[in-house]
Amino acid sequence: MSHNSIQEEVAEAQSMFPAVSVLISTSSFLIATYQRTPYTRIKMTITFPSGYPTHHLIVSIDQDAVVPPGLKKKLEKELNNVSLEQPTQQVRAVWERFVSFVDTNLFLPCWKELRQCVEMVQKSDTVAVTSKSTPNKLKQKQSTITLYESKGKIKLSLHNEAYYINCFITIDPCYPDFSAATGGKSCLLELRSTNFPETITNMFMTQAQDIVRRMQEGLSSEKAMNLSNPVKVPKNFHLNIDEFKEKYKTSLTKDTISNIKHDTEALKKVTDLRNKESSAVRSPGDNGYVDHKALAKERKDARRAIQKLTDDEKAEDQKLEEKELAWKLEEQKRNAGYYDVYIPTGGTITPQPSLYVLVTFLIQKVKGLVVETCPCCNKRVLPVCPDKLESIYSSSSSGKSDKQTKEMRKMKPYRTYCGCWYHKSCLNTLLTEPPFGIECPNFNYGRRVFHPEWPGDVKQLEREWAAKQARMREVEDAMMFL
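Cut-offs applied
Residues numbered from 1 in each chain as written. Predicted model: local features only at pLDDT ≥ 70, side-chain atom pairs only at ≥ 80, totals over all residues. Heavy atoms only, no water. Buried < 20%, exposed > 50% of the residue type's maximum accessible area, 1.4 Å probe, protein only. Helix = DSSP H or I, 4+ residues; strand = E, 2+ residues; numbered from the N terminus. Arc of directions from axis to C-beta. Contact = heavy atoms within 4.5 Å. Core = buried A, V, L, I, M, F, W, Y, C linked by side-chain atoms within 4.5 Å. Pairing = 2+ DSSP bridges. Axes fitted to C-alpha atoms, helices over the stretch in contact; angles between N-to-C directions.

### Here's the deal with helix 13 (residues 424–432)
Among all positions in helix 13, only Cys-426, Leu-427, Leu-430 and Leu-431 are buried. Projected onto a plane normal to the axis of helix 13, the buried residues spread over an arc of 120° and lie on a single side. Next to the buried residues of helix 13 lie strand 9 (413–415), strand 10 (421–423) and helix 14 (458–481).

### Quick look at the nonpolar core
Within the largest apolar cluster, 57 residues are counted, with the highest numbers of intra-cluster contacts made by Leu-156, Ile-169, Ile-171, Ile-200, Leu-355, Val-359 and Leu-362. With 10 residues, the single largest contributor to this core is helix 10 (residues 355–371).

### Topic: the side chain of Ser-354
With respect to the helices and strands, Ser-354 occurs in the loop between helix 9 (292–335) and helix 10. The exposure class of Ser-354 is buried, given its relative accessible area of 1%. Those residues in contact with Ser-354 that sit more than four places away from it in its chain are Glu-113, Tyr-175, Ser-186, Cys-187, Val-212 and Met-215.

### Some words on the sheet that holds strand 6 (residues 153–160)
Here 4 strands make up an open sheet; going across it, the order is 5-6-7-8 and the pairing antiparallel. Every other strand in the sheet has two partners, leaving strand 5 (144–148) and strand 8 (187–194) as the edge strands with one partner each. Adjacent strand axes in the sheet meet at a mean angle of 15° when their direction is disregarded. Pairing of strand 6 with strand 7 (residues 163–171), which is carried by 8 bridges, proceeds in the antiparallel orientation. Within strand 7, the position partnered with Ser-157 by the bridge is Asn-166.

### Remarks on the sheet that holds strand 1 (residues 21–25)
Two strands in a sheet stick together by hydrogen bonds in their backbones, pointing the same way (parallel) or opposite ways (antiparallel). Ordered in space as 1-2-3-4, the 4 strands form an open sheet in which the pairing is antiparallel. The open sheet terminates on both sides in strands that have one partner only, identified here as strand 1 and strand 4 (58–61). With strand direction ignored, the average angle separating the axes of adjacent strands in the sheet is 20°. Bridge count between strand 1 and strand 2 (residues 29–34): 4 bridges; the pairing is antiparallel. Following the sheet pairing, Ser-21 is matched in strand 2 by Thr-33. Its contacts with the sheet place helix 2 (residues 69–85) against strand 3 (42–47) and strand 4, and it is angled at close to 160° to strand 4. Sitting on the sheet, helix 3 (residues 90–104) is in contact with strand 1, strand 2, strand 3 and strand 4, with an inclination near 165° to strand 3.

Encoded structure:
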């Protein structure tokens, strides 16, 4: 075909598909690009051999960040087959199929991530699981991932032992950015069914969607994971265990013991003074006559002593609060501007791909939790049977107080800030008994153990523990007296 004939064919194709951008057009080859969004741009090269159209044109796709090797091979094969089936107007036919593929395949911007997700789900399955606590063998179902290209939907079914979770992930047409099509989520996660308790399920699903939101705002996967933690710590809570050891925990082994003794003595003095204030002063030898002047003086002196003692204790607590406030300001200064690292000078945010991170999170959390052990007792956090786990959560919300219910409540799983799961009784012992402010014993995270249902203030924990010990000593003294 002559040069003019090829140019006429290209011009006709351009009139039909004006969105296709032609970069170079000669009688030998043509280079064009097409995109549905800035993240789906594909570059195509068409070569016109001598004797075209008798000898069919050759299509090649450039490999880049959008087009991985697998997609390049698939698309080249498909477009070259189109040219072989078309005796004339091959450029138009190839462009039509090319544009249709980009417009209808919603997985295009996450093709590489999708391939990694499929491989990861296939590798995540383990052999059938048996348990000594159950008479029958538990057959583990296979985890599956099903893709719907035209709808941009992924059906994810994760299984581990007797536990499972089924959900859908919808890819936004503007992925990794977002649009109104999925309610402002680049990956919309929808739960279909599960046998995990509602509390655990909500924790997983909320954190997973929050990771996606933060990544579409431009944060890295690690930063998004940390900031999406469902267990929120108070602003003045000092998490870094190394700095905590230097500034606070050192005094826990030396000064704190004397402080506890001091607090105990102060409490005893206040108790004695209040008893003295409330007691009546009777003059000896006057047949029980009440000396009101002496009584008023004794009470006045007791009140002054209590006030002075209280003021001294308040001053000590004020010093500690000022020290904690300094730590808080230092922590805020370190965390200030964490978004600025990811925001370019122009003030816009570059969305980060989040599909692979999302699926990885679901697999690690859902499948990992089933076999996770408590860092304190090294026993399984979740029972083998999902029905038993549901009974544990039901017992926690019920008002019953029988022995069996109390034992079940002790085994309720609790997730701490560091990401580990504890039994309730184990976590209570770890947080309310000395040494206070210790780091997580699991994998040496270097982070203090924290849960919002327990106080995070070490001073408060010390006071509560000292008061408890004082009460126990009083009971023991009373028993010895009797």
